[in-house]
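# A closer look at the structure
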Amino acid sequence: MEFVAHPFSTIDWNDLTHTVHPGATGEAHWRSAEIGSTRMRMVEYSPGYVADHWCTRGHLLLVLEGELHTELGDGRVADLIAGQSYQVGSEMESHQSSTTAGARLFIVD
């Protein structure tokens, strides 16, 4: 991720159209914006959501509401609640997320 020179701007996330991304179970609803090669997303995972893949993309992820369970390829686990974040570089450590109760996230990658 490289944040390019960009003048001050604002985004009303409520005005952005959401896209639906099915998981192995449940759904992820994304509202996305891009500045250069930097993607920002407001993501809502439905209760019972399990990602359908192992991700190797780098992220800065902040849990806004709910809880998020993330398993890493080496077996480590991170359980996050609102106000907690994780950061991982691209191609560093594969990870797969899920939630039992649902979650609302802000992700930059």
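To start, this report covers the structure provided alongside it. (Residues numbered from 1 in each chain as written. Predicted model: local features only at pLDDT ≥ 70, side-chain atom pairs only at ≥ 80, totals over all residues. Heavy atoms only, no water.)

### Describing the side chain of T70
Checked against the element boundaries, T70 lands in strand β4 (residues 59–72). In this structure the side chain of T70 is engaged in a polar contact, spanning 3.1 Å, whose partner is the side chain of S97. In contact with T70, other than residues within four places in its own chain, are R76, V77, A78, Y86, H95, Q96 and S97. (Helix = DSSP H or I, 4+ residues; strand = E, 2+ residues; numbered from the N terminus. Polar contact = N/O pair within 3.5 Å; in protein donor to acceptor, adjacent residues only side chain to side chain. Contact = heavy atoms within 4.5 Å.)

### Points about the layout of surface pockets
The computed volume of the largest pocket comes to approximately 300 Å³. Lining of the largest pocket is provided by 20 residues; of these, R41, Y45, Y49, H53 and C55 occupy positions nearest its centre. For the lining of the largest pocket, the elements supplying multiple residues, two or more each, are β1 (19–22), β2 (27–35), β3 (38–45), β4 and β7 (95–98). For the lining of the largest pocket, the element with the most residues is β3, which contributes four residues. Class assignment for the residues of the lining of the largest pocket results in eleven nonpolar, six polar and three charged. Roughly 170 Å³ of internal volume is contained in the second largest pocket. If you list the elements that add at least two residues to the lining of the second largest pocket, you get β4, β5 (77–81) and β6 (85–88). If you tally residues by element for the lining of the second largest pocket, the top one is β6, at three residues. Grouping the amino acids of the lining of the second largest pocket by side-chain chemistry returns five nonpolar, three polar and two charged. (1 Å grid on protein atoms, 1.4 Å probe; cavity = no way out; pocket = protein on both sides within 12 Å on 5 of 7 lines; lining within 4 Å. Points joined across faces, edges and corners; volume = space filled by probe spheres on them. Nonpolar A, V, L, I, M, F, W, Y, C, P; charged D, E, K, R; others polar.)

### Overview of unusual backbone geometry
In this structure, E91 is a non-glycine residue whose phi angle is positive, near 60 degrees. Relative to the elements of secondary structure, E91 occurs in the loop between β6 and β7.

### As for the side chain of S98
For S98, the position within the fold is in strand β7. Note on S98: relative accessible area 15%, which makes it buried. The contact partners of S98, leaving out residues within four places of it in the chain, are Y49, V50, L68 and H69. (Buried < 20%, exposed > 50% of the residue type's maximum accessible area, 1.4 Å probe, protein only.)

Just distances and angles here, no functional claims.
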